[in-house]
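What the coordinates show
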Amino acid sequence: MAKFLIDRRSALVGAGSIALASAMPRAIRAATAKTNEAIQAIQPQMSYLKILREVLPDDAIVTDELSQVGFASWYGFPIYQPRTFLTSGYQGTLGSGFPTALGAKVARPDKPVVAITGDGGFMFGVQELATAVQYKIGVVTLVFDNSAYGNVRRDQLQGFEGRVIASDLVNPDFVKLAESFGVAAARVTSPDRVPSPHDTRPRDLARPRDLRASAAVQRGRAGGRQGGDSAGHLLHH
């Protein structure tokens with residue numbers, strides 16, 4: 001009798017486990033779909049990341065930076081191979097993205113390398129444009145320009161009764177700045193208009209050839225509910 005009760009209890013537990021296991025994939029799919037829907041509402045950041053992922057091969061190396069697009073890349077940019085997404089993470093190293101990308105390209109010259117930066121972070125290491133040109137380091141750098149430290153400015157507006165201090169930026173004309181280094185430059189206003197230095201098709205970004213450098217620039221002000229980068233700059237080195 002005791003054995004029968006034990007066996008029956010085991011059978012009931014087993015049936016419950018099977019039912020739970022069969023329900024889990026549905027729950028996971030539903031949660032994934034809901035999360036993806038929420039992520040896609042982060043615009044225009046996700047649109048830039050989408051076109052970037054479409055044009056790059058799976059083994060391309062991407063570095064991020066403290067910017068709205070950089071933050072969005074943590075959860076909205078698919079990574080398919082190890083060591084292909086280099087980030088300072090929650091250390092919050094403003095200015096690390098562009099120089100890190102140069103180092104990655106020197107280490108792996110056979111791979112396309114793309115740096116995602118904001119305007120403030122890029123200006124921390126802007127002088128390295130000279131390094132990229134001098135040594136022909138073929139990196140592509142996206143510089144998103146909202147003329148502000150966007151997150152800081154948003155927090156000041158929302159948390160300190162609209163008082164803003166030291167979060168607005170006075171930027172150069174990034175196209176002219178790139179050209180002053182002998183770097184090809186272009187200006188774009190939306191993700192689908194991101195150019196290549198040699199071809200208007202964005203898919204040319206996937207080619208790991210040596211480039212001088214090009215910059216796609218859109219100027220704007222932090223806006224929208226994300227309060228982030230409303231503009232994109234593309235630098236190809």
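Reading guide: rules and limits
- Residues numbered from 1 in each chain as written.
- Predicted model: local features only at pLDDT ≥ 70, side-chain atom pairs only at ≥ 80, totals over all residues.
- Heavy atoms only, no water.
- Phe/Tyr/Trp six-rings, centres within 6.5 Å; stacked < 30°, edge-to-face > 60°.
- Helix = DSSP H or I, 4+ residues; strand = E, 2+ residues; numbered from the N terminus.
- Buried < 20%, exposed > 50% of the residue type's maximum accessible area, 1.4 Å probe, protein only.
- Contact = heavy atoms within 4.5 Å.
- Salt bridge = Lys/Arg side-chain N within 4 Å of Asp/Glu carboxyl O.
- Core = buried A, V, L, I, M, F, W, Y, C linked by side-chain atoms within 4.5 Å.
- Pairing = 2+ DSSP bridges.

1. With respect to the packing of aromatic side chains
Per the stated rule, a full pass over the model turns up five aromatic pairs. Residues Trp74 and Tyr90 carry aromatic rings whose centres are separated by 5.1 Å and whose planes lie at 70 degrees to one another, so their mutual orientation is edge-to-face. Taken as a pair, Trp74 in helix H3 (residues 68–76) and Tyr90 in the loop between strand S2 (85–86) and helix H4 (97–107) lie far apart in primary sequence, 16 residues in all. A relative accessible area of 30% means that Trp74 is categorised as partly exposed. Look at Tyr90 and you get exposed, because its relative accessible area is 80%. Through pairs of rings, three or more aromatic residues link up here, namely Phe71, Trp74 and Tyr90.

2. Regarding the side chain of Thr117
Within the secondary structure, Thr117 is located in strand S3 (residues 113–118). Since its relative accessible area comes to 0%, Thr117 is described here as buried. In contact with Thr117, other than residues within four places in its own chain, are Glu65, Ser67, Phe98, Phe122, Thr141, Leu142, Val143 and Phe144.

3. Let's talk about the pattern of salt bridges
Under the defined criterion, the tally for this structure stands at six salt bridges. The closest approach of N and O atoms between Asp168 and Arg153, which form a salt bridge, is 2.7 Å. Of the two residues, Asp168 sits in the loop between helix H7 (150–159) and helix H8 (174–180) while Arg153 sits in helix H7, which places them 15 residues apart along the sequence. For Asp168, a relative accessible area of 40% translates into the label partly exposed. With a closest N to O distance of 3.4 Å, Asp155 and Arg154 form a salt bridge. Here Asp155 falls in the partly exposed class, since its relative accessible area comes to 40%.

4. A closer look at the nonpolar core
Counting residues in hydrophobic clusters, the biggest one holds 19 residues, and the most contacted among them are Leu49, Leu52, Leu56, Val62, Val114 and Ile116. Contributing elements (two or more residues each) for this core: helix H2 (45–55), H3, S3 and strand S4 (139–144). In terms of residue count, the dominant contributor to this core is H2 (five residues). Among the nonpolar cores identified, the runner-up in size contains 16 residues, and Leu102, Ala104, Phe122 and Leu129 belong to it.

5. Description of the pairing of S3
Counting buried positions over the six residues of S3 gives six, a clear majority of the element. Summarising the sheet, strand S1 (residues 61–63) and S3 pair through three bridges and their orientation is parallel. The partner of Thr63 across the bridge, within S3, is Ala115. Here six bridges tie S3 to S4, and the two strands are oriented parallel to one another. Looking at the pairing, Ile116 lines up with Leu142 of S4.

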